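Observations on the three-dimensional arrangement
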Amino acid sequence: MTVSLMPTYARMPVSFERGQGPWLWTTEGQRYLDAISGIAVCNLGHAHPKIAEALCDQARTLIHTSNLYGIALQEQLAERLAALSGLDNVFFSNSGAEANEAALKLARKYGHSRGISHPKVIVMENSFHGRTLFTLSATGSRKVQEGFEPLVEGFIRAPFGDGDQIEALDDPDIVAIFLEPIQGEGGIRVAPNEYLTRLRTLCDQRHWLLMFDEVQCGMGRSGRWFGFQHANIKPDVMTLAKALGNGFPIGACLARGAAAEVLTQGNHGSTFGGNPLACRAALSVIDILSDEHLVQRAASLGETIRSAFEAAFKNNPKVREVRGRGLMIGIELDAPCPELPMKALDAHILINVTAERTIRLLPPLILNDDETRHLIDTVIGVVQAHTGA
Ligand SMILES: *Cc1c(COP(=O)(O)O)cnc(C)c1O
């Protein structure tokens, strides 16, 4: 690894130079099945011809003008996202952390507008919201925060999934609840529908904003366009990024009702955010997801894969649980397994481990039946060999 890079990442000893669909090829010409999609980013696989064509065409036409001027493609994308989610308006950024910065700034300003000078936001244990100072302060992981104190203040932490603890909080400075409907980095933990419904009711009663970080679970991966659509509720604020541009950087913060009126002229901005090239990529992603019915495909592929795993691991005492929704799949083992991604690499499949012992699969939504079978068989082989079953 070159010494000219800051050593911020523990990289696997492999580099890819080409991709197609769910496959990646190394510089040595070895082929791997990508079951992590660049961490929930390349949901349509690699080198999708329609996205490549949209990006090339837009690059030949107009890449960037700045938000000093109107951007027709940004307006079109906002309209599509609003229609799909039932939210009202959008602020565009370039990453998930930035989308969350917008959401957290919105929550603070909402508090100030209600006469609360030190607004607080309820966040969850084991959450992940990004690496900027505001978002790492919101994140429920000491590892992410350590060494960067003083953290941004104004967060109250609660256990994920526990409605009673949140209901018991009666601090008048609380203005919002911020959580992932499906925790990703936290180990693929799905918030039960009743929990989300209860949080919606609490937020309505107490005039708090319900804000969802859908950076990882959004854009079809959960088997619905957005994770919250599994419960019969709507958030006030939702953030997106990762899969929104299928690898082209773009993030979005959406808002509804009163929350949609909080950020006004001069309150927030971004040089690149929502430029024509990024918006063209995202519009193309939405077209492909709809035209090819990939959201439904994510739901059915998820069922197939999870039930195959459940059957295979039913008598393996070292596999604690298979869980997830759509194509966010976690296999929790009974012990930490940091060497598992390397073992999977030997079997030519890319997977990942989060929360120490949960094997995380985030395969692309375009897998065909043969590729799905191959994924299932390979992962089962790797896990059974690892656990000695
Ligand atoms: C990846 C992720 C982020 C951070 O996104 P970046 O684009 O890396 O800044 C935030 N929230 C969740 C849930 C994520 O999975």
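Residues numbered from 1 in each chain as written. Predicted model: local features only at pLDDT ≥ 70, side-chain atom pairs only at ≥ 80, totals over all residues. Heavy atoms only, no water.

**Topic: the packing of aromatic side chains**
With the rule as written, the count across this model stands at six aromatic pairs. A centroid spacing of 5.6 Å and a plane angle of 75° characterise the contact between F16 and Y32, whose relative ring orientation is edge-to-face. Highlighted residues: F16 in strand β1 (residues 16-20) and Y32 in strand β3 (residues 31-34), separated in sequence by 16 residues. Ring geometry for F160 and Y195: centres 6.2 Å apart, planes at 70°, overall edge-to-face. One end of the pair, F160, is in the loop between β6 (155-158) and α7 (163-167); the other, Y195, is in helix α8 (residues 193-206), and 35 residues separate them in sequence. We classify F160 as buried; its relative accessible area is 19%. Y195 gets classed as buried once you look at its relative accessible area, which sits at 5%. One cation-aromatic arrangement involves R18 over W25; the distance from NZ or CZ to the ring centre is 4.1 Å. If you follow R31 out to its NZ or CZ, it ends over the ring of W23, 3.5 Å from the centre. (Phe/Tyr/Trp six-rings, centres within 6.5 Å; stacked < 30°, edge-to-face > 60°. Helix = DSSP H or I, 4+ residues; strand = E, 2+ residues; numbered from the N terminus. Buried < 20%, exposed > 50% of the residue type's maximum accessible area, 1.4 Å probe, protein only. Lys NZ or Arg CZ within 6 Å of the ring centre and 35° of its normal.)

**Focus: the sheet that holds strand β17 (residues 358-361)**
For sheets, the rule is that strands pair by backbone hydrogen bonds, running either parallel or antiparallel. On the basis of which strands lie adjacent, the open sheet formed by four strands has the order β13-β14-β17-β16 and antiparallel pairing. Edge positions in the sheet fall to β13 (319-325) and β16 (352-354), since each has one partner strand and no second. Strand-to-strand twist in this sheet, taken as the mean axis angle between neighbours without regard to direction, amounts to 25°. Here β13 runs beside strand β14 (residues 328-333); their pairing, made up of six bridges, is antiparallel. By the bridge assignment, E321 is partnered in β14 with E332. Contacts between helix α10 (residues 294-313) and the sheet are confined to β13, β14 and β17, with β13 contributing the most and set at about 170° to the helix. (Pairing = 2+ DSSP bridges. Axes fitted to C-alpha atoms, helices over the stretch in contact; angles between N-to-C directions. Contact = heavy atoms within 4.5 Å.)

**Looking at the state of the cysteines**
Tallied over the full model, the rule gives zero disulfides. We note that C253 lacks a disulfide partner, and the nearest cysteine sulfur, in C217, lies 15 Å from it. Overall, C253 belongs to the buried group, its relative accessible area being 4%. (Disulfide = S-S within 2.5 Å.)

**Here's the deal with the sheet that holds strand β11 (residues 237-240)**
The sheet built from seven strands is open, its strands ordered β4-β12-β11-β10-β7-β5-β6 with mixed pairing. One side of each edge strand has no neighbouring strand; the edge strands of this open sheet are β4 (89-93) and β6. Averaged over all neighbouring strand pairs, the angle between strand axes comes to 20°, with direction disregarded. Where strand β7 (residues 174-179) and strand β10 (residues 209-213) come together, four bridges link them in parallel fashion. The residue of β10 that forms the bridge with A176 is L209. Against the sheet, helix α4 (residues 96-113) touches β4, β5 (120-124), β6, β7, β10, β11 and β12 (251-255), its axis set at about 175° to β10.

**Some remarks on the environment of D369**
One can find D369 in helix α12 (residues 369-387). For D369 and L301, which are 68 residues apart along the polypeptide, the C-alpha to C-alpha distance reads 8.8 Å.

**Side note on the pattern of salt bridges**
Across all of its chains, the model carries 20 salt bridges by this definition. In this structure, E332 engages R357 in a salt bridge whose closest nitrogen and oxygen atoms are separated by 3.2 Å. Residue E332 is located in strand β14, and its partner R357 is located in the loop between β16 and β17; the two are separated by 25 residues in the primary sequence. A relative accessible area of 7% places E332 in the buried class. For R357, a relative accessible area of 25% corresponds to the partly exposed category. A single salt-bridge network, built from bridges that share partners, covers R189, R320, E321, R323, E332 and R357. (Salt bridge = Lys/Arg side-chain N within 4 Å of Asp/Glu carboxyl O.)

**Structural notes on the pairing of β10**
Among the five residues in β10, five count as buried, and that is most of the element. Note: β10 against β11, three bridges, orientation parallel. Bridge pairing in β11 links F212 to M238.

**Topic: the site of the ligand**
Neighbouring the ligand are the residues S95, G96, A97, N100, F128, H129, G130, E180, D213, V215, Q216 and K242. Here G96 contributes a backbone N or O atom positioned 2.8 Å from an oxygen atom of the ligand. A distance of 2.6 Å separates an oxygen atom of the ligand from a polar atom in the side chain of K242. Bound to the protein, the ligand loses 80% of the 390 Å² it would expose on its own. Each residue belonging to the shell around the ligand can be placed in one class, and the counts come to three nonpolar, six polar and three charged. (Near = heavy atom within 4 Å. Polar contact = N/O pair within 3.5 Å; in protein donor to acceptor, adjacent residues only side chain to side chain. Areas by Shrake-Rupley, 256 points an atom, 1.4 Å probe, with all protein chains shown as cover. Nonpolar A, V, L, I, M, F, W, Y, C, P; charged D, E, K, R; others polar.)

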